[in-house]
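# Chain and residue survey
Residues per chain are reported as follows:
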2 protein chains.
Amino acid sequence: MTYCVGLLLNEGMVCLSDTRTNAGLDNISTYRKMFHFEEPGERVITIMTAGSLSVTQTTLARLREAIEDPGATEETSIMLAPTMLKVASIIGGMLCQVRLEIDEKMATMKQAASASMIVAGQRKGGAMRLFLIYPEGNFIEATEDTPFLQIGEHKYGKPILDRVVKPGTPLADAEKAVLLSMDSTLRSNLSVGMPLDLAVIRRDACTVTRQRRIEAGDPGFRAMSEAWSKALRDGFTQITLGA
Amino acid sequence: MTYCVGLLLNEGMVCLSDTRTNAGLDNISTYRKMFHFEEPGERVITIMTAGSLSVTQTTLARLREAIEDPGATEETSIMLAPTMLKVASIIGGMLCQVRLEIDEKMATMKQAASASMIVAGQRKGGAMRLFLIYPEGNFIEATEDTPFLQIGEHKYGKPILDRVVKPGTPLADAEKAVLLSMDSTLRSNLSVGMPLDLAVIRRDACTVTRQRRIEAGDPGFRAMSEAWSKALRDGFTQITLGA
């Protein structure tokens, strides 16, 4: 499984992904699920992936090929597309195409392959935008009402986001929120695992402002996780049973 | 959907269920999902249900018929079964049988019906036992390591239980824990809804020691829910970003 989350805030966007992939419980590996495409100051696009690795890797590889193709156009390259909406549309189209191709192969074994993606990005002069792209290639977008999007194992980590994340949340708090959301997920779903990739894209910077890989045993992450457990237990103790 | 949770603690057992059922998002009703069978001082059995209402209602009705049958035996009546293990086995057998019958009807429409149950109980002189019964009729049992069982929408409410519930947790704290676990679930899944049914079975009482129906807008529950939100936000504010 996977857990990826993206936040769209007034100050910028925050992305966090895990790295665990598995083909059955007895075959676990580590793969990066966060990919950056940037022309600093001009355009930044961060893609996070969930689902079949064969689908997501092939989709990313084809997106890269399309960028490097000497005949690349606004219609084919996410680095030339005139709007973030067009970027989402190119990625959605590619994801759908690759999924269908692989699904056809899988069908011969009565299996299926699927994947979804989160795309965060901004072009110079444009707005920051955050999309969730479905396996079918269509997509939805984060808004003021719902300033975060999740893919993969989203349930365990949602309550903290629901309670804490608003468009006005400062970036440092947002970073804390996604890390605690991931912490709850890591505790409950073994198929989500360290290390983690965190990226912050400050508004109008049009570049990845901050990147951090958090390895298993990272002392800062562990301290935060323990402090959160303690805060939850203390909060629980102080609450009176309303009967 | 549904959310039901049962706790097996040194001091007793705590059960909590919601009451929302739905046949599509446009057809929502309220049905009790917690049922008590008792001969006070001798035997108490509490059953909580999740899944197709037609399966759970029919299973409960047949269990009641079997109890009232003049020819009831240790093999057929959960009120005569010599052990809680036998009680779980009778319920599991009945659930499986009813599910198969209904599933056969559903198959003609290419649909399927399923259900699961939590069974908490104690006989005089026996131990308290808490079972989760699968749609196939087999079951698992809560233990010291995992003193709680959930059915239905279990994910949103699990983190608080993981952090707070131990076999030594006092009953008042346990009640608080299941209510907060339900609160997180209610917030995130519309198909889980008020009112709630709460039952406490004190160790060796062999009767339902405390029952409470919590209606929508219950001031005690609301106060607890708000206090918990505040405790989470305060806890969140106090934590330092470990970077």
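Residues numbered from 1 in each chain as written. Chains lettered and ligands numbered in written order. Predicted model: local features only at pLDDT ≥ 70, side-chain atom pairs only at ≥ 80, totals over all residues. Heavy atoms only, no water.

- Going by an unreviewed UniProt entry, chain A carries the name Proteasome-type protease and comes from Tabrizicola oligotrophica.

### Topic: the overall build of chain A
- When helices and strands are tallied, chain A shows five helices and twelve strands.
- At 19 Å, chain A has a C-alpha radius of gyration in line with the 18 Å of a compact globule built from 243 residues.
- Referenced to the eigenvectors of the C-alpha coordinate spread, the extents of chain A come out at roughly 65 × 50 × 35 Å.
- Burial analysis of chain A (243 residues in total) assigns 54% to the buried set.
- Long-range contacts, defined here as pairs at least 24 residues apart, represent 62% of the contacts in chain A between residues at least 6 apart.
- For chain A, the accessible area works out to roughly 10,500 Å², and carbon and sulfur atoms hold 52% of it.
- Side chains of chain A give 27 positive and 29 negative charges; the mean places of these two sets differ by 4 Å. (Helix = DSSP H or I, 4+ residues; strand = E, 2+ residues; numbered from the N terminus. Rg over C-alpha atoms; globule rule 2.2 N^0.38 Å. Buried < 20%, exposed > 50% of the residue type's maximum accessible area, 1.4 Å probe, protein only. Contact = heavy atoms within 4.5 Å. Areas by Shrake-Rupley, 256 points an atom, 1.4 Å probe, with all protein chains shown as cover. Lys, Arg positive; Asp, Glu negative; His and termini not counted. Charge placed at Lys NZ, Arg CZ, Asp CG, Glu CD.)

### Observations regarding the environment of Asn22(B)
Residue and element names in this part refer to chain B.
- Checked against the element boundaries, Asn22 lands in strand S3 (residues 20-22).
- When its relative accessible area of 31% is taken as the criterion, Asn22 is described as partly exposed.
- Along the chain, Asn22 and Ser52 lie 30 residues apart, while their C-alpha atoms are 9.3 Å from each other.
- Apart from the residues within four sequence positions on either side, Asn22 is in contact with Met1, Asn27, Ile28 and Ser191.
- Looking at Asn22, its side chain comes within polar contact range of the main-chain nitrogen of Met1, at 2.9 Å. (Polar contact = N/O pair within 3.5 Å; in protein donor to acceptor, adjacent residues only side chain to side chain.)

### What about the interface of chain B and chain A?
- Contact residues are listed per partner, giving 40 residues for chain B and 40 residues for chain A.
- Across the interface of chain B and chain A, roughly 3,300 Å² is buried in total on both sides, 66% from carbon and sulfur atoms.
- Our enumeration of links across chain B and chain A arrives at four salt bridges.
- Of the charged contacts in the structure, one is a salt bridge between Asp183(A) and Arg163(B), with a shortest N-O distance of 3.3 Å. (Buried area = accessible area lost by both parts, 1.4 Å probe. Salt bridge = Lys/Arg side-chain N within 4 Å of Asp/Glu carboxyl O.)

### A word on the relation of the copies chain B and chain A
- Least-squares fitting of chain B to chain A yields an RMSD of 0.0 Å, with the superposition described by an axial translation of 0.0 Å and a rotation of 180°. In the structure described here, the two chain copies are related by an operation that fits a two-fold rotation axis. Rotation axis and chain B: the residue whose C-alpha lies nearest the axis is Tyr156(B), separated from it by 2.7 Å.
- In this assembly, 100% of the residues forming the interface of chain B have copies in chain A that are likewise at the interface, indicating an isologous arrangement. (Least-squares fit on C-alpha atoms with pLDDT ≥ 70 in both.)

### Focus on the packing of aromatic side chains
- According to the stated counting rule, one finds two aromatic pairs over all chains in the structure shown.
- Both rings, one in Phe131(A) and one in Phe139(A), keep their centres 5.4 Å apart while their planes meet at 80°; by these two values the pair is edge-to-face.
- You can call Phe139(A) partly exposed: its relative accessible area is 27%.
- Positioned above the aromatic ring of Phe236(B), the side-chain terminus of Lys176(A) is 4.6 Å from the ring centre. (Phe/Tyr/Trp six-rings, centres within 6.5 Å; stacked < 30°, edge-to-face > 60°. Lys NZ or Arg CZ within 6 Å of the ring centre and 35° of its normal.)

### Things to note about the sheet that holds strand S12 (residues 210-214) of chain B
Residues and elements named next belong to chain B.
- Pairing is antiparallel in the open sheet, where five strands are placed in the order S10-S1-S2-S11-S12. Each edge of the open sheet is held by one strand with a lone partner, namely strand S10 (148-152) and S12. Here the strands of the sheet are splayed against their neighbours by 10° on average, with no regard to which way each runs.
- In this structure, strand S1 (residues 3-8) lies alongside S10, joined through five bridges in antiparallel fashion. Within S10, the position partnered with Cys4 by the bridge is Ile151.
- Along the sheet face, helix H4 (residues 171-188) touches S1, strand S2 (12-17), strand S11 (196-202) and S12 and points at about 20° away from the line of S2. (Pairing = 2+ DSSP bridges. Axes fitted to C-alpha atoms, helices over the stretch in contact; angles between N-to-C directions.)

### Description of the packing of helix H5 (residues 219-238) of chain A against helix H5 (residues 219-238) of chain B
- Where H5(A) contacts H5(B), the two axes come as close as 9 Å, and the packing angle between them is 150°. Note that H5(A) runs across H5(B); the crossing there is right-handed. Here Trp228(A), Ala231(A), Leu232(A), Gly235(A) and Phe236(A) of H5(A) lie close against H5(B), whose contacting residues are Trp228(B), Ala231(B), Leu232(B), Gly235(B) and Phe236(B). (Left-handed = near helix turned anticlockwise from the far one by under 90°.)

### Details of H5(B)
- The terminal C-alpha atoms of H5(B), which comprises 20 residues, lie 28 Å apart, in line with the 28 Å expected from a rise of 1.5 Å per residue.
- Two to three positions downstream of the cap, the backbone nitrogen of Gly220(B) sits 3.1 Å from a side-chain oxygen, assigning the N-cap of H5(B) to Asp218(B). (Expected span 1.5 Å × (residues − 1).)

### A closer look at the nonpolar core
- Ranked by size, the top nonpolar core spans 64 residues in total, and within it Leu7(A), Trp228(A), Leu7(B) and Trp228(B) carry the most contacts.
- Setting aside anything within four residues of it in sequence, one finds Leu7(B) in contact with Gly12(B), Met13(B), Val14(B), Leu130(B), Pro147(B), Phe148(B), Val165(B), Ala174(B) and Val178(B). (Core = buried A, V, L, I, M, F, W, Y, C linked by side-chain atoms within 4.5 Å.)

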